[in-house]
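Per-entry structural report
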Amino acid sequence: MTDHIVPPIGMRMVKSAAAVLICLLISMAVDREDMRIYSSIAALLCVQPYAEDTRRMAVQRTVGTAIGSVFGIATLLLEMVLDIRGTLTGYILIAAVTVPALWISVALKAANAAALSGIVFLSITVTHVTDASPWIFAWYRASETLVGIAVGIAVNAFQLPRRKRRGGLFVSGPGGL
């Protein structure tokens, strides 16, 4: 017989929910409906168990946002010049450019940036439909993602007061600290 223990709701989950709520409220305040999803995704990706990890990850996520934006705008412009937006050829181009957009993050030793690089790249190339300027569209996607990163950093920096545990001895292995 196995015991199934329900895992507790941890502080990272609570902070993630708070970060999403803040992103949603910001998008309401600035009246940018698209901001809801992009800032919320970025905030979820940035909230980490420890504040130090959040800052390190935020730098990598910012790098990923820049990489995805550059590749996204370049791909959009190429699709416009070749008049292949929304075609099979355009989709093949997007899929092909996904590889260097992810690879650059790894090559820059920012492997944790790869996911957000891909998300920003795809949010620019796949969802761009009717905006007059691809430059403005790419700017919105990048800025919305940066808002989520900032919210993730801010929420994770917030620490609730805790009682110090004096009755235990905490030991770590060679790679634990």
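Going by the structure above, here's the rest.
Before going into details, it helps to say that this report is about the structure given with it. (Residues numbered from 1 in each chain as written. Predicted model: local features only at pLDDT ≥ 70, side-chain atom pairs only at ≥ 80, totals over all residues. Heavy atoms only, no water.)

What follows is about helix H3 (residues 51-82). Its 32 residues place the ends of H3 46 Å apart at the C-alpha level, agreeing with the 46 Å of an ideal helix rising 1.5 Å per residue. Asp-83 lies just past H3 and shows a positive phi near 55 degrees. (Helix = DSSP H or I, 4+ residues; strand = E, 2+ residues; numbered from the N terminus. Expected span 1.5 Å × (residues − 1).)

So, about the side chain of Gln-48. Secondary-structure assignment places Gln-48 in the loop between helix H2 (35-46) and H3. According to the relative accessible area criterion, Gln-48 is buried, its value standing at 13%. When sequence neighbours within four positions are dropped, the list of residues in contact with Gln-48 reads Arg-12, Asp-53, Thr-54, Met-57, Arg-61 and Asn-156. (Buried < 20%, exposed > 50% of the residue type's maximum accessible area, 1.4 Å probe, protein only. Contact = heavy atoms within 4.5 Å.)

Across all of its chains, the model carries 4 salt bridges by this definition. Two residues, Asp-34 and Arg-141, come together in a salt bridge whose shortest N-O distance is 3.3 Å. One end of the pair, Asp-34, is in the loop between helix H1 (11-29) and H2; the other, Arg-141, is in helix H6 (residues 134-157), and 107 residues separate them in sequence. Using a relative accessible area of 1% as the deciding quantity, one classes Arg-141 as buried. (Salt bridge = Lys/Arg side-chain N within 4 Å of Asp/Glu carboxyl O.)

This part is about a nonpolar patch on the surface. A cluster of nonpolar side chains, Ile-9, Met-11, Met-13 and Val-14, forms an exposed patch at the surface whose accessible area comes to about 410 Å². Position of Met-13 relative to the elements: it lies in helix H1. (Patch = residues over 30% accessible without salt bridge, like charges linked within 9 Å, V, L, I, M, F, W, Y side chains within 5 Å. Areas by Shrake-Rupley, 256 points an atom, 1.4 Å probe, with all protein chains shown as cover.)

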